[in-house]
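If you want the building blocks of each chain, they are given just below.
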Amino acid sequence: MRVTYPGPRGREEQAATMDHVSTPRDWKRYLPLACLAAGLPALLGAGPAPSVTIEIKDYVELPITGKLDGTGQTDGELARLNSLHEEPGGARRFFINDLNGPLYILDKATRKLTTYLDFNGREGHHGLFHKFAFETGFANGLVSLQFDPDYRKNGRFYTVHLEDPALPGSAAPDAANAAGLNLRGYETTPAITTPGDTLREGVLIEWTDTNTSNATFEGTAREILRLQLNTRIHPIGDLEFNPAARAGDAEWRVLYIGSGDSGSGESRTSIRSNPQRLDTLVGKILRIVPDLAEHQATTVVSENGRYRIPMDNPFVAMEGARKEIWAYGFRNPHRLHFAIDPADARNNRLVANSIGLHTWETVNIVHKGANYGYSQREGTETLKPDNQIVKQLPESDRIPVQVTATVTSGTIVPTYPVIQYGHVPGGGDAIGSGYLYNGKAVPGLRGKYVFTDITTGHIWYADYKEMLAADDGDPRTMAERHEVKIRWHDPHAAGESGASVYDTMFPIAEAAYHARGGKDPDLPGTSLVSGKGRADAQLAVDAAGELYIFTKTDGVLRAVTGGTVK
Ligand SMILES: [Ca+2]
Ligand SMILES: [Ca+2]
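Residue positions are counted from 1 within each chain, in the order its sequence is given. Numbering of ligands from 1 and lettering of chains from A proceed in the order in which they are written. The predicted nature of this model means local features are confined to residues of pLDDT at least 70 and side-chain atom pairs, given and counted, to a pLDDT of 80 or more, with totals for whole chains, interfaces and linings taken over all residues. The basis for the side-chain values is all heavy atoms of the structure; hydrogens and waters are excluded.

Q: What am I meant to see in unusual backbone geometry here?
A: Trans is the common state for peptide bonds, and a negative phi is the common state for residues other than glycine. In this model, Tyr374 is joined to Ser375 through a cis peptide bond whose omega is 5 degrees. For Ser375, the location among the structural elements is in the loop between strand E19 (360–366) and strand E20 (377–378). Even without glycine at this site, Ser262 takes up a positive phi of about 50 degrees. Secondary structure elements follow DSSP: runs of H or I no shorter than four residues count as helices, runs of E no shorter than two count as strands, and numbering proceeds from the N terminus. As for its placement among the helices and strands, Ser262 is situated in the loop between strand E12 (255–259) and strand E13 (284–288). Exposure is judged per residue with a 1.4 Å probe applied to protein chains only, and the accessible area is read against the type maximum: over 50% gives exposed, under 20% gives buried, and values in between give partly exposed. Judged by relative accessible area, which is 0%, Ser262 ranks as buried. At His295, a position not held by glycine, the phi torsion is positive, near 55 degrees.

This is how it looks when you write it as structure tokens:
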């Protein structure tokens, strides 16, 4: 299906180190008129596609780790829950990370939360890392968590957190603040260099819990890599293993890492080419083997000696290129998901949701060695060095393969998204997480890719078959997105019976934010399309494939318990 959307005009520059987009006007107020004026296609649910309404229920309120006064883009969010993962084996517990530092275990039977590890060891806090950076920057803090595919046997999991290298003290964890953590032999690694200034470091750590039956950590940790980041935006994000891989497969325990461009691509200085440069790890999808004992015959050991790199990675043989790179040319591919064909698990795709600069939010199917164009393209348009958009692609749509600052190696045709939406009314500001739905609660969503917009709290779906068809090398073909409405009963609303249906998560988060004591009249933060306030909505799935929705502003996790399709 061919869908084209006109883009907005005259976007203001967002400086690489700024956390917010200025709000020239409250778009929500102008929505119906602006839709007509922009000549948008009949938006959202008006087409022949089924209209889906999901039913959600409050699952757990996270402890408030933010400020109630509504100040700032991120400090006024009540709990910065950033991901949820079900512990493999047994459907017993969720691991949940709050960017502000805590890693919780949530018992599914009792809904009891236990702080398992606290990463925030900054002054006044009693966690692990004295250089922990969390206080500014949307994704600063304890960014992500992933279980080792062999967790049931080895008790291993992986985390990414951010540090400010300018802060005093050791970059090693402080065992005084984690009784069961054995740090004998723990060594930090030299930060992998990124061209340009360094404001943050992203740190990937492997944790081994020797007893996974309790809710405390006892065991060891190993720093796997540390990466220089130019600014505090777009850090290393998601960690994904291919869930279809089994022991003995080449993909078994091979880790994919969504590595943001750390704000480099929108810079007017020389770091602008970092997402394109193959000699740096920012703005890429990386592929490594964390366990040095795994795949020894088909991998090489990394420069820092802490992990392995598969020899079938695309740039292993290219002189000057980083061997870890699997795909490149991304701005902020902060959410990765392996979409598995339920009828044939071997038929799977790695999907990356990447946040755009001023114009396009994108869903991308990741291919080995492919160049996703940024910062010479944004979505299916040309991005100029002054960050202005040119709607047409060049007649000869090729980009030099940039190995280093000065060395190129031929040219490549960029790979384009399979879904994109604009920073316009009815669109959003920043794409969140997405999943190919395979659960039972909402039969009408099976075979659909469901995703969020972070700020507006929109939930959309696209037909996965359309996405595969759009993955055709033709920038003009796209899968269409369709609105998902949300039925929710406000547990804080006294005397009200029955649920209401909402267009987005925004009013739901707003009601809960105020009920929990949040003082901002709307919601904390601001963005172009969401206006005053950000819902900060993301999706997660459990082991059964059922969806959960969490919003940072109110710090509440909700479960998708059902749904209707008309
Ligand atoms: Ca334990
Ligand atoms: Ca296409």
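On we go from here.
Q: Can you help me understand the coordination of the calcium ion (ligand 1) in this one?
A: Ideal values differ by geometry: the angle at a metal is 109.5 degrees with four tetrahedral donors, but 90 or 180 degrees with six octahedral donors. Coordination of the calcium ion (ligand 1) by the protein comes from Asp209 (OD), Asp209 (OD), Asn211 (O), Asn214 (OD1), Thr216 (O) and Glu218 (OE), over a distance range of 2.1 to 2.6 Å. Only nitrogen, oxygen and sulfur atoms qualify as donors, provided they sit within 2.8 Å of the metal or within 3.2 Å for Na, K and Ca; with water excluded from the atoms, sites may seem incomplete. Angular criteria define each label, namely tetrahedral for four donors with all angles between 85 and 135 degrees, square planar for four and octahedral for six donors with opposite donors over 155 degrees apart and remaining angles between 65 and 115, and irregular for whatever fails these tests. For the calcium ion (ligand 1), the 6 donor atoms in the first shell make angles of 52 to 164 degrees at the metal, a pattern classed as irregular. When the donor residues of the calcium ion (ligand 1) are listed from N- to C-terminus, their spacing reads D-x1-N-x2-N-x1-T-x1-E. Looking at Asp209, the relative accessible area reads 3%, which means it is buried. Among the residues examined, Thr216 registers a relative accessible area of 43% and is labelled partly exposed.

Q: Would you mind showing me how to read the layout of surface pockets here?
A: Rolled over the atoms, a probe as big as a water molecule pinpoints where empty space is left. Buriedness for pockets is judged along seven lines, at least five of which must meet protein on both sides within 12 Å for an open set on the 1 Å grid over protein atoms alone, while cavities are sets there where a 1.4 Å probe fits but cannot get out, and lining residues have an atom within 4 Å of a point. Grid points are joined across faces, edges and corners, and a volume is the space filled by probe spheres set on the points. As a volume, the largest pocket reaches approximately 1,100 Å³. Along the wall of the largest pocket there are 36 residues; nearest its centre are Glu240, Pro243, Val541, Asp542 and Ala543. Listed by contribution, the elements that provide at least two residues to the lining of the largest pocket are strand E2 (81–86), strand E6 (142–147), strand E11 (236–241), strand E17 (335–341) and strand E26 (431–436). Here the lining of the largest pocket takes 5 residues from E17, the largest share from any one element. Each residue gets one label: Ala, Val, Leu, Ile, Met, Phe, Trp, Tyr, Cys and Pro are nonpolar, Asp, Glu, Lys and Arg are charged, and the others, such as Gly, are polar. Each residue belonging to the lining of the largest pocket can be placed in one class, and the counts come to 21 nonpolar, 8 polar and 7 charged.

Q: Even after reading the chapter, I still don't get the coordination of the calcium ion (ligand 2), so can you show me in this structure?
A: Bound to the calcium ion (ligand 2) are the protein donor atoms Ala470 (O), Asp472 (OD), Asp474 (O), Thr477 (O) and Thr477 (OG1), situated 2.2 to 2.6 Å from the metal. Within one chain, the residues donating to the calcium ion (ligand 2) are spaced in sequence as A-x1-D-x1-D-x2-T. As far as burial versus exposure is concerned, Ala470 and Asp474 are alike and both buried.

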